[in-house]
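Below, each chain spelled out in residue letters.
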Amino acid sequence: MSLLSTFQSLARSSGAWAFVLVVGVVAAPCSAGAVELPQRIPASSSNAALHYHRAILLMADVDLEQRALLKQPIWELVHPEMSEAEVARIDALLVASRHAVRAAIAGASQPHADFGVDFRAYSAATRLPHVGLMQKLARVLTLHGLQKQSEGDWRQAAMVYLDVMHMGKHMSEQLTLAEAIEAVRILETGYYVLATWAAECPDAELVASTLSALNVVVPEHLSPTTALGYESSLLLNGLTAIGDDYPEGAWAEAVLDLLDITPEARDPETMRAAAVAAAIERGVPETVFESDAAFAAHLELLREVNQDYYEAMVQTVSLPTKEALEAGKRVFDEFSPKLKRLGDEGPYSPTNIVAYYATHEAEHHLLQIVLGLCAEKQGGLFPADLAGVTARFGGMLPASPYDGQPASYETTADRTGFSVSYPAFSAGGVDLPEVKFAFGTSKGE
């Protein structure tokens, strides 16, 4: 019987009032042995940020003293010389944050993350409270993975560490440089524990599978170019909004937000006075505020210089490391005085950005090599050289992003330990650190 014929039959036999009675019978309590129809449960949201927000809210319920542990990097929080009291504190933190851990894992399994920031309304002065909290969430998730590893559940530990990588990847897909930088920090946490996990894992096939999974989750190192492009657009849009609101609109509040200054009072007169004083203190000429035309001209000049500066930065960070560091110094030396004269006393340094991401790239490459080495471990012994590992990378191991040199590899005499590294490098007046991982050596990890 079709749905239409069913309704026609009801109408013929019962009428409208009877139909209401029939509905009431269906909704009434079922008799013994009847089949109950449960309410459908909606599927989980595919937006990872909603799960991360929930995890962050759940972490807020955890005791403040317990949460204070998450201020430390994992390599300081968990170390070989830990006392029983330190271990007990971490165990207590994991019990208290178990619901947040579940929510974070749910977020890490989603395809994308949108934190719901309206950049059109706030532009460069937008507050991003999730940035620092995501790092702490990644750390508590990492501790959960370390707990699984300590229990001998190597597979589950690897999955949790890859979830941490997913969190970093989600942050890298956001629009601001602050989020992009935090993405690198989260990935660094994941890199460290995953390398240590691989060196200790007794299952070489599981390590090989994890290397393949890593190449899916984070197939390559992160780049700041996209974030810098959006950062430039947000700044320029913010300056445009300030100009549109001058002199009677909310321009003063936008200026104070941009300079991260909290006014003494919220009335327009006080906020305008505070904004003018703060701008003049930073080098903006007082004459800028004498007329609408002078203010508009200053903003336009600030827009032009910033646009040129960001374009030069994007070009710089796209170069090979040595050339990028040298070009970055030239770009900063050229634009920094111009921006300071316009009241921007703290422009981003291209050399610092290049150094930060070059180190990240070296860590990413080194983790791949470590996983490849550990996947070749036989009978508890690491490979005597890198020859057997090369095949896992198409015949060529990842080279140092600093200068293109190959990684240095050494084993202990009994081959139960090893160290692999990229040497330190200097260019453009910037020193890039040695990136090294060591396991079971006399120098420690």
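Caption draft 1: Layout of the nonpolar core. L137, M165, W197, F418 and V420 are the most contacted members of the largest nonpolar core, which totals 127 residues. Apart from residues lying up to four places away in sequence, V420 is in contact with L366, I369, V370, L373, A407, S408, Y409, V435, K436 and F437.

Caption draft 2: Region of the structure containing the pattern of salt bridges. Overall, the coordinates contain 10 salt bridges when judged by the stated rule. In this structure, the salt-bridge partner of K169 is E173, at a minimum N-O distance of 3.7 Å. A relative accessible area of 23% places K169 in the partly exposed class. R392 serves as the salt-bridge partner of E376, at 2.7 Å between the closest nitrogen and oxygen. In this pair, E376 sits in the loop between α18 (350–375) and α19 (387–390) while R392 sits in the loop between α19 and β1 (408–411), placing the two residues 16 residues apart along the sequence. The class of R392 is partly exposed, set by a relative accessible area of 37%.

Caption draft 3: How the structure looks around the side chain of D163. Among the secondary structure elements, D163 is positioned in helix α10 (residues 154–172). Those residues in contact with D163 that lie beyond four places of it in its chain are I105, A108 and L141.

Caption draft 4: Fine view of the sheet that holds strand β2 (residues 418–422). The three strands lie next to each other as β1-β2-β5, forming an open sheet whose pairing is antiparallel. Only two strands of the sheet have a single neighbouring strand rather than two, namely β1 and β5 (435–439). Geometrically, the sheet is characterised by an average inter-axis angle of 5° between neighbouring strands, direction not taken into account. The sheet strands contacting helix α11 (residues 177–200) are β2 and β5, and the helix crosses β5 at an angle near 30°. The strands touched by α18 within the sheet are β1, β2 and β5, with β2 carrying the most contacts at an inclination of about 150°.

Caption draft 5: Summary view of the packing of α11 against helix α12 (residues 204–217). Close contact between α11 and α12 brings their axes to 9 Å; oriented N to C, the two are set at 155°. With respect to α12, the element α11 is oriented roughly antiparallel. For the pair α11 and α12, contact is made by L194, W197 and A198 and by L206, V207 and T210, respectively. Class assignment for the residues of the contact of α11 with α12 results in five nonpolar, one polar and no charged.

Caption draft 6: Spotlight on the packing of helix α6 (residues 84–96) against helix α9 (residues 130–150). Close contact between α6 and α9 brings their axes to 10 Å; oriented N to C, the two are set at 115°. As far as their axial angle goes, α9 and α6 are roughly perpendicular. The way α6 lies across α9 gives a crossing that is left-handed. For the pair α6 and α9, contact is made by I90, D91, L93 and L94 and by V140, L143, H144 and Q147, respectively. In terms of residue class, the contact of α6 with α9 is made up of five nonpolar, two polar and one charged.

Caption draft 7: Summary view of the confidence of the model for the protein. For the protein, mean pLDDT is 89; residues scoring 70 or higher make up 90% of the total. Throughout residues 6–28 the model reports pLDDT below 50, and contacts reaching past four residues in sequence, or to other chains, amount to five contacts.

Caption draft 8: Looking closely at the packing of aromatic side chains. The final tally for this structure, using the stated rule, is 15 aromatic pairs. Ring geometry for Y309 and F335: centres 5.2 Å apart, planes at 45°, overall tilted. Of this pair, Y309 sits in helix α16 (residues 292–317) while F335 is found in helix α17 (residues 321–341), placing the two residues 26 residues apart along the sequence. Residue Y309 shares its accessibility class with F335, and that shared class is buried. Arranged with centres 5.6 Å apart and planes meeting at 75°, the rings of Y356 and Y357 form a pair that is edge-to-face.

Caption draft 9: Up close: the environment of V305. As for its placement among the helices and strands, V305 is situated in helix α16. C-alpha separation for the pair V305 and S45, spaced 260 residues apart in sequence, amounts to 42 Å. Contact partners of V305, with chain neighbours within four places excluded, come to F335, K338, L339 and L342.

Caption draft 10: Up close: the pairing of β5. Most of β5 is tucked away, with four of its five residues classed as buried. As paired strands, β2 and β5 are joined by five bridges and run antiparallel to one another. For F418, the partnering residue across the bridge sits in β5 and is F439.

Caption draft 11: Region of interest: unusual backbone geometry. In this chain, Y246 is followed by P247 through a cis amide linkage whose omega measures 5°. Its location among the elements puts P247 in the loop between α13 (225–245) and α14 (251–258). With a phi angle near 65°, R415 is a residue other than glycine that sits in the positive phi range. R415 gets classed as partly exposed once you look at its relative accessible area, which sits at 31%.

Caption draft 12: Fine view of α17. The end-to-end C-alpha separation of α17 is 30 Å, in line with the 30 Å expected for 21 residues at 1.5 Å each. All of the buried residues along α17 are T321, A324, L325, A327, G328, V331, F335, S336 and L339. G343 lies just past α17 and shows a positive phi near 100°.

Caption draft 13: Focus on the environment of Y192. With respect to the secondary-structure elements, Y192 resides in helix α11. Put simply, Y192 and Y161 are 31 residues apart on the chain and 9.7 Å apart in space, counted from C-alpha to C-alpha. For Y192, the residues in contact, after removing those within four places along its chain, are I74 and W75.

Caption draft 14: Quick look at the environment of T262. Mapped onto the elements of the fold, T262 is located in the loop between α14 and α15 (268–281). When the C-alpha positions of T262 and A274 are compared, they lie 9.2 Å apart, and in sequence the two are 12 residues distant.

Conventions we followed
- Residues numbered from 1 in each chain as written.
- Predicted model: local features only at pLDDT ≥ 70, side-chain atom pairs only at ≥ 80, totals over all residues.
- Heavy atoms only, no water.
- Core = buried A, V, L, I, M, F, W, Y, C linked by side-chain atoms within 4.5 Å.
- Buried < 20%, exposed > 50% of the residue type's maximum accessible area, 1.4 Å probe, protein only.
- Contact = heavy atoms within 4.5 Å.
- Salt bridge = Lys/Arg side-chain N within 4 Å of Asp/Glu carboxyl O.
- Helix = DSSP H or I, 4+ residues; strand = E, 2+ residues; numbered from the N terminus.
- Pairing = 2+ DSSP bridges.
- Axes fitted to C-alpha atoms, helices over the stretch in contact; angles between N-to-C directions.
- Parallel < 35°, antiparallel > 145°, perpendicular 65-115°, else oblique.
- Nonpolar A, V, L, I, M, F, W, Y, C, P; charged D, E, K, R; others polar.
- Left-handed = near helix turned anticlockwise from the far one by under 90°.
- pLDDT = per-residue confidence, 0-100.
- Phe/Tyr/Trp six-rings, centres within 6.5 Å; stacked < 30°, edge-to-face > 60°.
- Expected span 1.5 Å × (residues − 1).

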